[in-house]
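Topology and contacts: notes
Take a look at the letters that make up each chain.
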Amino acid sequence: MKNLLCYLLFFPIFLSAQINESDTLSLKASISLTGFYQGGNVETLIFRAKSDLSFKPWKKWVFKNQNSYVFQEFGKEKADEDILSLNFLYLNPERKIYPFVLGFVSTNFRREIDLRYLLGAGATFQILNKKKDWLKLSISSEYEQTNFSKTNFNYSEYDGNQSINTFRGTMWVNGKYHVFKGKVILNHEIYFQPSLEQGNNFRWQADVGLELPIWKYLNFKINYRHTYESIVIENQKQEDKFLTFGFTLKSY
């Protein structure tokens, strides 16, 4: 029983981040709380909390909210404490082309970001929209402010700035596909986000998942996430890679 508990704690439960706002359901929600603790010669603490919510506040509108919190400590030394909140408000998402507004708030201990927020708007183009399979291209523009805890950067032109502000343009490509008669589910969330003012200020992320359905509300999942950020604190790496295994638990 002890080994089973450790197994369940060590392999995190992922949220189904690929909620399709164009679905006809009025409410969809998902939550996970996972963690891992190891004492003795090597002390390790990992805690992860995630939530995902989509609902219709008005007839033609859909609000989607995704929140995550990560805390990691190795040898009583904090390695991560990150918060991310993604918020979208869509108008007529059942149409081929529909507009949205967005607001993001995040912190990142590893990259020494005290606070980052983005406010913007854009439009989504539904390239494929079937009952279970879909592919969407979105284009948006945002104003971003990032407050750092240090002022020395990998590009010296930004040295001395406690915060870096810019207008960005973003291209998103999101999709989900059921193959082999639904026995395998592929999904991806990819974006490229350059500054519209600073040529060396850009970031991108590719998040790719493969799911194997176990039960109607439960899938086994393999997930690979690759992130790149051009402007970082001096001596930090610009890339991060994550390969994780776990489960998707959903209420729909």
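The following refers to the structure shown. (Residues numbered from 1 in each chain as written. Predicted model: local features only at pLDDT ≥ 70, side-chain atom pairs only at ≥ 80, totals over all residues. Heavy atoms only, no water.)

**Some words on the nonpolar core**
The biggest cluster of nonpolar side chains holds 11 residues, and these are V62, L86, F88, Y90, Y98, F100, L102, F104, L118, W172 and Y191. Of all elements in the fold, only β5 (77-91) and β6 (97-108) reach the threshold of two or more residues within this core. Examining the composition of this core, we find that four residues originate from one element, β6, more than from any other. (Core = buried A, V, L, I, M, F, W, Y, C linked by side-chain atoms within 4.5 Å. Buried < 20%, exposed > 50% of the residue type's maximum accessible area, 1.4 Å probe, protein only. Helix = DSSP H or I, 4+ residues; strand = E, 2+ residues; numbered from the N terminus.)

**Concerning the environment of I97**
Mapped onto the elements, I97 comes out in strand β6. For the pair I97 and S138, spaced 41 residues apart in sequence, the C-alpha to C-alpha distance is 9.4 Å. If we ignore the near neighbours within four places in the chain, the residues touching I97 are T124 and F125. (Contact = heavy atoms within 4.5 Å.)

**Description of the packing of aromatic side chains**
Inspection of the entire model under this criterion finds 15 aromatic pairs. Judged by centre distance (4.9 Å) and plane angle (85 degrees), the ring pair of F148 and F153 falls under edge-to-face. Across the pair, F153 and F148 agree in class, each one buried. Over the ring of F88 we find K64, and its NZ or CZ is 5.7 Å from the ring centre. K136 extends its terminal NZ or CZ atom over the ring of W134, reaching a point 5.4 Å from the ring centre. (Phe/Tyr/Trp six-rings, centres within 6.5 Å; stacked < 30°, edge-to-face > 60°. Lys NZ or Arg CZ within 6 Å of the ring centre and 35° of its normal.)

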